[in-house]
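# Coordinate analysis (summary)
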Amino acid sequence: DIRSLGCEEKRELLATIEQAVAFVTTMIFQDGSSQLSSEQVLTSSVKGVVVLVKNQTDHPCPPSYSSIDYTWNAANENDKLIYLKTEWSSLWEQEQQAHKKFAWQVLFQMLHCKVPIICFNAKDFLRTLLQVYGNEISWKQVADSVVLDPRIAAWLINPSDTVPSFESLIQKYFEKPFSMGTVNTDTGTLRNASVSTLKLFFLIYLYQYQNLRVNLEKLYNVMRYLARDLQVQGLWKLFCTLELPLIKILAVMETHKIHVNTQELKKTSDILGLRLKELEQEAYQVAGGQFLLTSSSQLREVLFEKLKLHVLCEKVHRTEIQQLVSTSEVVLNKLQDLHPLPKIILEYRQVHKMKSTYVDGLQTCIRKGFISSTWNQTGTVTGRLSAKQPNIQGISKHPVRITKKQYIKGKEAEIVTISPRTLFVSKKGYSFLAADFSHIELRILADLSSEPELLKLFQEPETTDIFSTVASQWKGIPSEEVKHADREQAKRIVYSVVYGAGKERLADSLGITPLQASQFIESFMQKYKKVHEFTKKTIEQCRNKGYVVSIMGRKRPLVNINAQDYKLRTQAERQAVNFVVQGSAADLCKMAMVEIFTSVVISPTLTARLIAQIHDELLFEVEDSQILEFSALVKRTMESLQQTTALEVPLKV
DNA sequence: CTAGCGTCA
DNA sequence: TATCTGACGCTAG
């Protein structure tokens, strides 16, 4: 505990840190658990940080990779275990101020000496440092630290394991099941003891931290094994140049808060609530009885057993598992001429979704007028990021129109449009700047397949919007008359076809017969022959190797690629093709994030901060005076990735 | 077609 | 009473 150190000892500690070859660290929570515990405690606040300082004199002979009976007791005793308290009850005491200052000194030195800091869930660690020492440091100062996260390493090796735990890693790399330090954290029984409580607490702490020392020692070795694995599998470069720098970016992103217009939020919630009530009444009238509009099973009963609407309509879609008549949007669309109810349900669903997810759902994420998403770097199999609380990547783009009843005489109803994204407001003197790759996956597909027709489309500057072009061709209308919905549909069709859609699904999506759909697929394949060649080649490679690889070497193993079961096998085939393209697009977007972050950190003047990543889109908050300079930098950086990755096709932002 | 997350029953 | 699953619907390509 650094608080117990004298002046000379403090000096020695800083000297030791300077000599260190690695740090292994974890946060300790109020309830005594650490970041290594499987059940991540969100309610418990951070109490302090424990650091195992690996000394220069260590590892004379690193344990061989094959040796599984490596004895943990042999861990170097010169390694120092230090505890830094980060939680302070009150700061007015001078002694505490001094402790906090020294703790910061230690951490600052750790972050800046370019020695790897190994931490399980490093993003949370960095974010906490930024929050605790927010007054002392700027976010740019975490930029040159070197963090290694075993969890991310494990995920790169097996991306299907979306939540690899510390225990599972130990099991994997040391085979025999391993019991986490069985520390009795239940100190309640001791609290009433008549003996010196203080002394007992001290003993418990000592025991806990000894245990932690063992676990950190294990974590260190797990990281070494993982590093070896990454190198063997060709994932090391991806890990070091892309995923590790991203940890810091996400940590910084999570410390930034976005302001929400709460008054507007409340107002729209009320408007939507009123509209829902109206729709509910209308539904009961036309259905001839009350039922729960949100329940698909009750709706199914009303539509198909009471009103028997499905018999009037051929071929209605059924649910996957139970083979019941579906109540999904496509079916409801087909039924809307037969009865007024489907239309009401469709609007009800739209309004309900808007209210529950984007308005009321957002409200639950707000703290003091601000929101800040939690970003998951290991949450997908394709390498994309995911976000939650709120899922800022999933917030509706399109506005919904509501007819609001006005109780003012002379004006009966008023149409209001509600678009959730306008509820976010930038800081005063700042603006939001969004930069997105245009048709990123399609461009990557063009490059990977070397399809001449597709390449031509992107290399010729007159093509501004592929999907609008496709839509105008498909619908036979001039490109100026292509509506947003048409473009959106064209986009879905193109992706559906290139990723191997069946004729039935495509027919549903287009509102045509399966025969027409299969003809469409056929003509598409005829026009873009090389795309089909690419998918065949990808599947073939996957069959041989058992995995597929993105342009930056990201891997996805697909065990079902050689399955007997037709359904499983063809699904794996589509996943293989999709991974190569989606994964490569994810690589590019992450590269853009890293490069832009680095540029801003280097710049003495730029202050722009990344707010969100919506897959192909980066959203920044930029000082108004810097918008021109920064937007040019962003565009330049993103488009220059064509050269960095030696793409045949230009990238457009 | 492929990835996700949130809501509801 | 609490947790899990399936269906649905929004996002991204």
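What you see is a predicted model; the values in this text were computed from it and never measured.

## Digging into the domain arrangement of chain A
Structurally, chain A comprises domain 1 (2-255), domain 2 (259-425) and domain 3 (455-553 + 560-579). The interface is formed by 7 residues belonging to domain 2 together with 5 residues belonging to domain 3. Across the domain 2 to domain 3 interface the summed buried area is about 460 Å²; carbon plus sulfur atoms make up 50%. In this assembly, domain 2 and domain 3 are joined by 1 salt bridge. In this structure, glutamate 320 engages lysine 567 in a salt bridge whose closest nitrogen and oxygen atoms are separated by 3.2 Å. Remark: the boundary between domain 2 and domain 3 carries 1 residue pair in polar contact (both at pLDDT 80 or more). Of the residues assigned to the side of domain 2 that touches domain 3, the class counts are 2 nonpolar, 3 polar and 2 charged.

## Observations regarding the protein's contact with DNA strand B
Among the 29 residues in the neighbourhood of DNA strand B, the closest are listed as Thr294, Asn391, Gly502, Arg505 and Gln575. In DNA strand B, the atoms that sit within 4 Å of the protein are 83% sugar and phosphate, with bases accounting for the remainder. In the environment of DNA strand B, a sugar or linking oxygen lies 3.0 Å from a nitrogen or oxygen atom belonging to the side chain of arginine 574. One nitrogen or oxygen atom from the side chain of asparagine 578 is found 3.4 Å from a sugar or linking oxygen belonging to DNA strand B. In terms of residues, the surface near DNA strand B owes the most to one element, helix α20 (residues 566-602), which gives 5 residues. Classifying every residue of the surface near DNA strand B by side-chain character gives 6 nonpolar, 18 polar and 5 charged.

## Comments concerning the UniProt feature "domain: DNA-directed DNA polymerase family A palm" (unreviewed entry) in chain A
Per the UniProt record, the feature "domain: DNA-directed DNA polymerase family A palm" (unreviewed entry) sits at residues 417-626. Taken end to end, residues 417-626 is 57% helix and 14% strand, and its two terminal C-alpha atoms sit 32 Å from one another.

## Remarks on the packing of helix α17 (residues 503-510) against helix α18 (residues 514-527)
The N-to-C vectors of α17 and α18 enclose an angle of 105°; their axes lie 8 Å apart at closest approach. Overall, the two elements α17 and α18 adopt an arrangement that is roughly perpendicular. Between α17 and α18, the contacting residues are Lys503, Leu506 and Ala507 on the first element and Pro514, Ala517, Ser518, Phe520 and Ile521 on the second. Across the contact of α17 with α18, the residue classes tally to 6 nonpolar, 1 polar and 1 charged.

## Considering the state of the cysteines
A full pass over the atoms with the stated rule returns 0 disulfides. Unpaired in terms of disulfides, cysteine 119 finds its nearest cysteine sulfur in cysteine 113, a separation of 15 Å.

## A word on the nonpolar core
Counting residues in each nonpolar core, the largest one holds 195 residues, and the members touching the most others are Phe23, Val106, Phe125, Leu226, Phe239, Phe620 and Phe630. Among the elements that line this core, the one with the most residues is α20, at 16 residues. Residues in contact with phenylalanine 23, not counting those within four places in the same chain, are Ile17, Val51, Leu52, Val53, Met110, Cys113, Val115, Pro116, Ile117 and Ile118.

## Structural notes on empty space enclosed by the protein
Per the counting criterion, the structure on display carries 3 cavities of 30 Å³ or more. By volume, the largest cavity is sized at about 140 Å³. Lining of the largest cavity is provided by 14 residues; of these, Phe597, Ala608, Arg609, Leu610 and Phe620 occupy positions nearest its centre. When residues of the lining of the largest cavity are traced back to their parent elements, those giving at least two are α8 (236-255), α20, β16 (609-614) and β17 (617-623). Residue contributions to the lining of the largest cavity peak at 4 residues, all from α20. Residue composition of the lining of the largest cavity, by class: 13 nonpolar, no polar and 1 charged.

## Topic: the environment of isoleucine 271
One can find isoleucine 271 in helix α9 (residues 262-287). Residues isoleucine 271 and valine 24, 247 residues apart in the sequence, show an inter-C-alpha distance of 53 Å. The residues touching isoleucine 271, leaving out its near neighbours within four places in the chain, are Ile402, Lys404 and Val416.

## Topic: the sheet that holds strand β12 (residues 424-425)
Read across the sheet, 3 strands follow the order β7-β6-β12 without closing on themselves; strand pairing throughout is antiparallel. Of all the strands in the sheet, just β7 (370-371) and β12 have a single pairing partner and so form its edges.

Rules used in this analysis
- Residues numbered from 1 in each chain as written.
- Chains lettered and ligands numbered in written order.
- Predicted model: local features only at pLDDT ≥ 70, side-chain atom pairs only at ≥ 80, totals over all residues.
- Heavy atoms only, no water.
- Domains from an automatic or database assignment.
- Contact = heavy atoms within 4.5 Å.
- Buried area = accessible area lost by both parts, 1.4 Å probe.
- Salt bridge = Lys/Arg side-chain N within 4 Å of Asp/Glu carboxyl O.
- Polar contact = N/O pair within 3.5 Å; in protein donor to acceptor, adjacent residues only side chain to side chain.
- Nonpolar A, V, L, I, M, F, W, Y, C, P; charged D, E, K, R; others polar.
- Near = heavy atom within 4 Å.
- Helix = DSSP H or I, 4+ residues; strand = E, 2+ residues; numbered from the N terminus.
- UniProt positions renumbered as here; feature names shortened; annotations may be inferred.
- Axes fitted to C-alpha atoms, helices over the stretch in contact; angles between N-to-C directions.
- Parallel < 35°, antiparallel > 145°, perpendicular 65-115°, else oblique.
- Disulfide = S-S within 2.5 Å.
- Core = buried A, V, L, I, M, F, W, Y, C linked by side-chain atoms within 4.5 Å.
- Buried < 20%, exposed > 50% of the residue type's maximum accessible area, 1.4 Å probe, protein only.
- 1 Å grid on protein atoms, 1.4 Å probe; cavity = no way out; pocket = protein on both sides within 12 Å on 5 of 7 lines; lining within 4 Å.
- Points joined across faces, edges and corners; volume = space filled by probe spheres on them.
- Pairing = 2+ DSSP bridges.

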